[in-house]
Amino acid sequence: RKEVEQDPGPFNVPEGATVAFNCTYSNSASQSFFWYRQDCRKEPKLLMSVYSSGNEDGRFTAQLNRASQYISLLIRDSKLSDSATYLCVVNSPHQAGTALIFGKGTTLSVSS
Amino acid sequence: DAMVIQNPRYQVTQFGKPVTLSCSQTLNHNVMYWYQQKSSQAPKLLFHYYDKDFNNEADTPDNFQSRRPNTSFCFLDIRSPGLGDAAMYLCATRKTGGNYGYTFGSGTRLTVV
């Protein structure tokens, strides 16, 4: 079982749509959780951290369910500029410290 | 601005010819990571340095080596690149001891011809 699993998509949605991405992780000792955004041929960039209480940043809402080891990202009112790959990322205990473990990513394409 | 810099952004090397990718940071972060990301795949951790301590992933090929001569610099050496080593190589840093996030470099895209 992969450490972090995501539906790869692609998700093709019109502008203004609401879209949700899901992710599961296998290491119950994981400490922190993130969504990263990656544009084509660029490095991943932090979109937002994910907290157990749920958190919102503008049109983006992230949720964490530690019991189910499940993370979600909701994007409301999609924009063309939201087209990218969204990586679910988990910070897990690893050897001498911790390391980020990435999911494969979910591709979003927003069209006009 | 403090940042993580990877050089070069694009590297073309010949099959079997040793190549070195570099990463430097002005953040004084004590942990540095190297990830490999192939097309349409997740970034995969190759190894990391926790201060001077080198930590290798079990499935990182022997063909890949790393050096960290000081806090600021970390190098990825590929001794005999194969076609399957073509990928984006990402360097990331982190500071321990607090709620510090990871900082990524812009990556080096390696092509093997």
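Here, the structure is the one placed above.
Throughout what follows, the structure given in this document is the object of discussion.

About the thresholds
- Residues numbered from 1 in each chain as written.
- Chains lettered and ligands numbered in written order.
- Predicted model: local features only at pLDDT ≥ 70, side-chain atom pairs only at ≥ 80, totals over all residues.
- Heavy atoms only, no water.
- Helix = DSSP H or I, 4+ residues; strand = E, 2+ residues; numbered from the N terminus.
- Rg over C-alpha atoms; globule rule 2.2 N^0.38 Å.
- Buried < 20%, exposed > 50% of the residue type's maximum accessible area, 1.4 Å probe, protein only.
- Contact = heavy atoms within 4.5 Å.
- Areas by Shrake-Rupley, 256 points an atom, 1.4 Å probe, with all protein chains shown as cover.
- Lys, Arg positive; Asp, Glu negative; His and termini not counted.
- Charge placed at Lys NZ, Arg CZ, Asp CG, Glu CD.
- Pairing = 2+ DSSP bridges.
- Axes fitted to C-alpha atoms, helices over the stretch in contact; angles between N-to-C directions.
- Phe/Tyr/Trp six-rings, centres within 6.5 Å; stacked < 30°, edge-to-face > 60°.

**Structural notes on the overall build of chain B**
Helix and strand counts for chain B come out as zero helices and 11 strands. When the helices and strands of chain B are read in sequence order from the N terminus, they spell out β-β-β-β-β-β-β-β-β-β-β. Against the compact-globule benchmark of 13 Å for 113 residues, chain B has a radius of gyration of 13 Å, which places it among compact chains. Judged by the C-alpha coordinates and their principal axes, chain B covers about 40 × 30 × 30 Å. Buried positions account for 50% of the 113 residues belonging to chain B. Counted over contacts in chain B with a minimum sequence separation of 6, partners at least 24 positions apart contribute 55%. Approximately 5,500 Å² of chain B is accessible, and the part contributed by carbon and sulfur atoms is 48%. When the 11 positive and 8 negative side-chain charges of chain B are each reduced to one mean point, those points stand 5 Å apart.

**Considerations on unusual backbone geometry**
In this structure, Pro10 of chain A follows Gly9 of chain A across a cis peptide bond, with omega equal to 10°. Tracing the chain through its elements places Pro10 of chain A in the loop between strand S1 (4-6) and strand S2 (11-14). Of note, the amide linkage connecting Asn7 of chain B to Pro8 of chain B takes the cis form, showing an omega dihedral of -10°. Looking at where Pro8 of chain B falls in the secondary structure, it is placed in the loop between strand S1 (4-7) and strand S2 (10-13).

**Some thoughts on the sheet that holds strand S3 (residues 19-25) of chain B**
All names here are of chain B. The strand order S1-S3-S8-S7 describes an open sheet built from four strands, whose pairing is antiparallel. Only two strands of the sheet have a single neighbouring strand rather than two, namely S1 and strand S7 (64-67). Averaged over all adjacent pairs, the angle separating strand axes in this sheet is 20°, with direction ignored. Bridge count between S3 and strand S8 (residues 73-78): six bridges; the pairing is antiparallel.

**Focus: the interface of chain B and chain A**
If you look at the interface, chain B gives 21 residues, while chain A gives 17 residues. Looking at the side of chain B that touches chain A, the elements that each hand over two or more residues are strand S4 (31-37), strand S5 (44-50), strand S6 (53-56), strand S9 (87-94) and strand S10 (102-104) of chain B.

**Details of the packing of aromatic side chains**
In this description, a pair of aromatic rings is defined by centroid distance and the angle of the planes. Here the structure, examined in full by the defined rule, presents 15 aromatic pairs over all chains. One aromatic cluster in this structure is built from Phe34, Tyr36 and Phe102 of chain A together with Tyr33, Tyr35, Tyr102 and Phe104 of chain B.

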